[in-house]
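Chain residues, written in single-letter form:
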Amino acid sequence: MQEEKYYSVRMRAAKNGPHEHGGKHISGGEMLSTYRDIKYAMNALLEKGLTHSRGNPDFMQVQFELIEEPIKLIQPLPIKTNKVASVEMGQALSWELLEKTGIPRKIIEKSYKYMTEYSNIRGAIVVDIQSGDRIDHRHEKGVRVSRMDWLNNNFEKWAAYYKMPNSPRVKEALVLAAKVSEHPASVAELCWSDDPEYITGYVASKKLGYQRITKLKEHGDEQGCRIFFVEGLKEWDSYIHYLEKQPVFVQWEGDKGES
Ligand code: WAQ
Ligand code: MG
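Residues numbered from 1 in each chain as written. Chains lettered and ligands numbered in written order. Predicted model: local features only at pLDDT ≥ 70, side-chain atom pairs only at ≥ 80, totals over all residues. Heavy atoms only, no water.

Could you clarify how one ought to interpret the site of ligand 1 in this entry?
In the region of ligand 1, 24 residues are neighbours, and Gly 123, Arg 169, Ser 193, Tyr 198 and Arg 212 sit closest. Here Arg 169 contributes a side-chain N or O atom positioned 2.6 Å from an oxygen atom of ligand 1. Within the side chain of Asp 194, a nitrogen or oxygen atom sits 2.8 Å from an oxygen atom of ligand 1. Relative to its free-state accessible area of 700 Å², ligand 1 is covered by the protein chains to the extent of 94%. Of all elements in the fold, only α5 (168-182), β8 (186-192) and β10 (209-213) reach the threshold of two or more residues within the shell around ligand 1. In terms of residue count, the dominant contributor to the shell around ligand 1 is α5 (four residues). Tallied by class, the residues present in the shell around ligand 1 amount to 13 nonpolar, three polar and eight charged. (Near = heavy atom within 4 Å. Polar contact = N/O pair within 3.5 Å; in protein donor to acceptor, adjacent residues only side chain to side chain. Areas by Shrake-Rupley, 256 points an atom, 1.4 Å probe, with all protein chains shown as cover. Helix = DSSP H or I, 4+ residues; strand = E, 2+ residues; numbered from the N terminus. Nonpolar A, V, L, I, M, F, W, Y, C, P; charged D, E, K, R; others polar.)

Put into structure tokens, the structure is as follows:
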């Protein structure tokens, strides 16, 4: 894999002007690509932003840049789908899971309010599990995890093996959760989409794996966000550098030795 050079390809789209001028966030995306495939990666991201349930963008930026650093290989998280009958049950389950990772109840309660308060940002917010404070100071931008991907061939084998939807959305979420949880300062992640038609979200951590929850919000709701919970984070710059700049490929080893 490392003989070939890879490029980071990124997209962000907004409506009523660019994000930095207060536009509504529509869509974002990040991929890794070889030089030969850049046009396909850019096209996939273009499609993603142009046909989005949050609306048609009037601003989009798609860019690529060469990655100089070696790409780190990481394993996907173990996956579980928790089917729930209602949003209330889904949210209650997400609380339980977050508590299992050591986050105090009152901090979870505070964080739940952030999920709607910061639903228009294009990145994630970082919350300290002792104070419950948002500590990223990235305002309406948040922290956008980048430079990560999962080669389709390997992902498709994984999806078939675990009977998971072979969808770009699931892949992107798994890649992000795997990358974030790999950092020792990460305690857990809570996520549900800001796309009105997509109501499955998850809680993820190194300990719990990727715990999908089939209902975390109501259909039609455009509020969604991501929270990265951290504990005792001293080296902020290196944490952010890891999330934004460290190139990562998820690679499933489980297909080795099978027919
Ligand atoms: N880095 C940081 N935050 C991000 C990133 C990123 N690369 N991508 C998205 N976010 C934040 C941002 O605030 C979005 O508004 C929010 O997360 C939701 O993003 O069935 O589709 O892409 O297993 O709308 C999870 C369940 C789906 C998938 C999540 O999120 C499954 C989803 P969306
Ligand atoms: Mg979205």
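I would appreciate a short explanation of the sheet that holds strand β3 (residues 59-66) in the present structure.
What holds strands together in a sheet is hydrogen bonding between their backbones, with the strands either parallel or antiparallel. Across the sheet, three strands lie side by side as β2-β1-β3; this open sheet has antiparallel pairing. Where the open sheet ends on each side, the last strands, each with one partner, are β2 (24-34) and β3. The sheet shows a mean angle of 10 degrees between the axes of neighbouring strands, taken without regard to direction. Note that strand β1 (residues 6-15) and β2 share 10 bridges and pair antiparallel. If you follow Ser 8 over to β2, its bridge partner there is Leu 32. The strands that helix α1 (residues 38-50) touches are β1, β2 and β3; relative to β2, the one it contacts most, it runs at about 165 degrees. (Pairing = 2+ DSSP bridges. Axes fitted to C-alpha atoms, helices over the stretch in contact; angles between N-to-C directions. Contact = heavy atoms within 4.5 Å.)

Would you take a moment to explain the coordination of the magnesium ion (ligand 2) for this structure?
When a metal holds four donors in a tetrahedron, each ideal angle between them is 109.5 degrees; when it holds six in an octahedron, the ideal angles are 90 or 180 degrees. Distances from the magnesium ion (ligand 2) to its protein donors, Asp 194 (OD) and Asp 195 (OD), fall at 2.0 to 2.2 Å. For the pair shown, Asp 194 and Asp 195 are each scored as buried. (Donors = N, O, S within 2.8 Å, 3.2 Å for Na, K, Ca; no water. Buried < 20%, exposed > 50% of the residue type's maximum accessible area, 1.4 Å probe, protein only.)

Please clarify how the environment of Arg 138 should be interpreted in this entry.
Along the chain, Arg 138 falls in the loop between β6 (125-128) and β7 (148-150). Between the C-alpha atoms of Arg 138 and Glu 117, which are 21 residues apart in sequence, the distance is 14 Å. In this view, Arg 138 contacts Val 143, Ile 240 and Glu 244; residues no more than four positions away in its chain are not counted.

Is there a simple way to think about unusual backbone geometry in this case?
Excluding glycine, residues mostly carry a negative phi; peptide bonds, for their part, are mostly trans. A positive phi is found at Asn 16, a non-glycine position, where the angle reads about 65 degrees. Note that Asn 16 resides in the loop between β1 and β2. On the accessibility criterion, Asn 16 (58% relative accessible area) is exposed. Phi at His 137 is positive, roughly 50 degrees, even though this residue is not glycine. Mapped onto the elements of the fold, His 137 is located in the loop between β6 and β7.

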